[in-house]
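# Fold and contact review
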Amino acid sequence: MSRTRGAVAGIWLTLIVAMGLDIAALPHALVPFRPDWVALAAAYWSMALPRRFGPGSAWVFGLLLDVLTGTLLGQHAMALAVLSYLSIRVHQRVRVYPLWQQAISVGFMLAVYRLLVLWVYGITGHAPGTWAYWFPLGTDILIWPVVFVLLRGFRRKLNMSG
């Protein structure tokens, strides 16, 4: 298998696992804090391999996520494409930050992602009525260092390069 095929297969695998984690059952008390696994993975791959994973790839995975979760078709696709674009625009700066600063930077990008999803919810009349909508953002920031280390190790093990 060529290096390009291996990189694409590895990206697909991690995003499919992320989709599984997005729909996995959680105890009722933890549901409001569920991380945005697909968004975290998309942000990582956009920064780590911007030539292999960009807004177009994010759009495709967003459509798959929309179908999987039963949301308005294109809602997550648009938000993930914007997240990927933002990640690529700042990837050379953010990649050299310490993990805690990366987490904050990625948190700002994920806030834009959640804001776009919220915007579509509002347009369609399904806006959440509580601040609990924003709780996963804190979880995402806290879990980013773990996601980064795991995906970086996976990328290095498969010898993926940009």
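Scroll up a little and you will see the structure.
A quick note: this is a predicted structure, and the numbers were derived from the prediction, not measured. (Residues numbered from 1 in each chain as written. Predicted model: local features only at pLDDT ≥ 70, side-chain atom pairs only at ≥ 80, totals over all residues. Heavy atoms only, no water.)

## Topic: the packing of aromatic side chains
Cut-off, in case you're wondering: In this analysis, rings of Phe, Tyr and Trp, with Trp reduced to its six-membered ring, are considered paired at centre separations within 6.5 Å, and the interplanar angle assigns stacked below 30 degrees, edge-to-face beyond 60, and tilted for intermediate values. Secondary structure elements follow DSSP: runs of H or I of four or more residues count as helices, runs of E of two or more count as strands, with numbering from the N terminus. Throughout, exposure labels follow a simple rule: accessible area from a 1.4 Å probe, protein chains only, divided by the maximum for the residue type, with under 20% read as buried, over 50% as exposed, and the rest as partly exposed.
According to the stated counting rule, one finds 9 aromatic pairs in the structure shown. Ring geometry for Tyr 44 and Trp 144: centres 6.5 Å apart, planes at 45°, overall tilted. One end of the pair, Tyr 44, is in helix H2 (residues 37–48); the other, Trp 144, is in helix H6 (residues 135–157), and 100 residues separate them in sequence. Judged by relative accessible area, which is 0%, Trp 144 ranks as buried.

## Some words on the nonpolar core
So the rule is basically this: Nonpolar cores are built from buried Ala, Val, Leu, Ile, Met, Phe, Trp, Tyr and Cys residues. Side-chain atoms within 4.5 Å join them into one set. A contact between two residues is defined here by any heavy atoms of the two lying within 4.5 Å.
In this structure, Trp 45, Phe 53, Leu 80, Leu 83, Tyr 113 and Trp 144 are the most contacted members of the largest nonpolar core, which totals 38 residues. For this core, the elements supplying multiple residues, two or more each, are helix H1 (3–23), H2, helix H3 (55–69), helix H4 (75–94), helix H5 (99–123) and H6. Looking at this core, the element that brings in the most residues is H2, giving 10 residues. Discounting residues that sit within four places of it in the chain, Tyr 113 has contacts with Asp 36, Ala 39, Leu 65, His 76, Ala 79, Leu 80 and Leu 83.

## Some details on the packing of H2 against H5
Two packed helices can be described by the angle between their axes and the distance between those axes. How we decide: Orientation is described by lines fitted to C-alpha atoms, with helices fitted over the stretch in contact, and by angles between N-to-C directions that extend from 0 to 180 degrees. Under this scheme an angle from 65 to 115 degrees is roughly perpendicular, one under 35 degrees roughly parallel, and one over 145 degrees roughly antiparallel; angles in between are oblique. In this scheme the crossing of two helices becomes right-handed for a clockwise turn of the near helix relative to the far one and left-handed for an anticlockwise turn of less than a right angle. Residues are grouped as follows: nonpolar covers Ala, Val, Leu, Ile, Met, Phe, Trp, Tyr, Cys and Pro; charged covers Asp, Glu, Lys and Arg; every other residue, Gly included, is treated as polar.
Packing of H2 against H5 leaves a shortest axis separation of 11 Å and a crossing angle of 125°. Of the possible angle classes, the one that applies to H2 and H5 is oblique. Helix-helix and strand crossings are classified by hand; for H2 and H5 the assignment is right-handed. Contacts between H2 and H5 involve Ala 39, Leu 40, Ala 43 and Met 47 from the first element and Val 106, Met 109, Leu 110 and Tyr 113 from the second. Split by residue class, the contact of H2 with H5 holds 8 nonpolar, no polar and no charged.

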